[in-house]
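Now for the letters of each chain:
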Amino acid sequence: MADTGLFLLSDVFGQEDDSGRLLQVTQVVCRCLECSCRFTGRPNEGLIDLPGGAILSCPKCPNRQAVSLARFADFLQKNV
Ligand SMILES: [Zn+2]
């Protein structure tokens, strides 16, 4: 599990290039540390794509945080 400060990431899925570099995050299973809500972020559904990263946005409270791709890459599920 990864604590980003405002969210606890449990699973991160994304697209990688041939060298294994993370290009885009497609799904993030996480828990909001503000309201303890557990949710799955998908593009435009709690997950907002940014160049070089993404914004996690809690569906239950105003908590949100921008997380860089480098940070996500540390928690990427390699079996996708
Ligand atoms: Zn929340």
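Each chain has its residues counted from 1, following the order in which its sequence is written. Two thresholds apply to this predicted model, a pLDDT of at least 70 for residue-level local features and 80 or more for giving and counting side-chain atom pairs, whereas whole-chain, interface and lining totals are computed over all residues.

(A) Up close: the overall build of the chain. Helices and strands together make up the secondary structure of the chain, namely one helix and seven strands. Each helix is a run of DSSP H or I of at least 4 residues and each strand a run of E of at least 2, with the numbering of both proceeding from the N terminus. Reading the secondary structure of the chain in the N-to-C direction produces β-β-β-β-β-β-β-α. Only the C-alpha atoms count toward the radius of gyration. The rule for a globule is 2.2 Å times the residue count to the power 0.38. Taking 12 Å as the expected radius of gyration for a compact globule of 80 residues, we find that the chain reaches 12 Å, a close match to that expectation. Along the three orthogonal principal directions, the C-alpha set of the chain runs to about 40 × 25 × 20 Å. Exposed residues have 12 or fewer other C-beta atoms within 10 Å of their own C-beta, buried residues have 20 or more, and partly exposed residues fall in between, where C-beta atoms are placed from the backbone. In the chain, buried positions account for 20% of the 80 residues. Of all intrachain contacts in the chain linking residues separated by at least 6 positions in sequence, the fraction that spans at least 24 positions is 39%. Remark: residues whose backbone-derived C-beta atoms lie within 7 Å of one another are considered to be in contact.

(B) The nonpolar core, seen in detail. Ranked by internal contacts, the top residues of the largest apolar core, which has 13 residues, are V25, V28 and L56. Among the elements of the structure, β2 (7-16), β3 (22-32) and β6 (53-57) are those that each provide at least two residues to this core. In this view, V25 contacts V12, G14, L47, A54, L69 and F72; residues no more than four positions away in its chain are not counted. The term nonpolar core refers to a group of buried residues, namely Ala, Val, Leu, Ile, Met, Phe, Trp, Tyr and Cys, whose C-beta atoms join them within 7 Å.

(C) Focus on the sheet that holds strand β7 (residues 64-68). Read from one edge to the other, the open sheet built from seven strands follows the order β1-β2-β3-β4-β5-β6-β7, with strand pairing classed as mixed. Taken across any chain shown, the strands that pair with only one partner, and hence form the sheet edges, are β1 (2-3) and β7. In this structure, β6 lies alongside β7, joined through five bridges in antiparallel fashion. By the bridge assignment, I55 is partnered in β7 with A66. When DSSP finds two or more bridges between two strands, those strands count as paired.

(D) Main features of the pairing of strand β4 (residues 38-43). Judged from the four bridges that link them, β3 and β4 form a sheet pairing that is antiparallel. Residue pairing for β4: V29 is matched across the bridge by T40. Here β4 runs beside strand β5 (residues 46-50); their pairing, made up of two bridges, is parallel. Bridged to R42 within β5 is G46.

(E) Summary view of the pairing of β5. As defined by bridge partners, β5 adjoins β6 across four bridges and the pair is classed as antiparallel. For L50, the partnering residue across the bridge sits in β6 and is G53. As consecutive antiparallel partners, β5 and β6 are separated by two residues, and within that stretch G52 has a phi angle of approximately 80 degrees, a positive value.

(F) Inspection of the environment of S10 at higher detail. With respect to the secondary-structure elements, S10 resides in strand β2. Taking the number of C-beta atoms within 10 Å as the measure of exposure, S10 has 14 and is therefore partly exposed. Sequence separation of S10 and D49 is 39 residues, and the distance between their C-alpha atoms is 19 Å.

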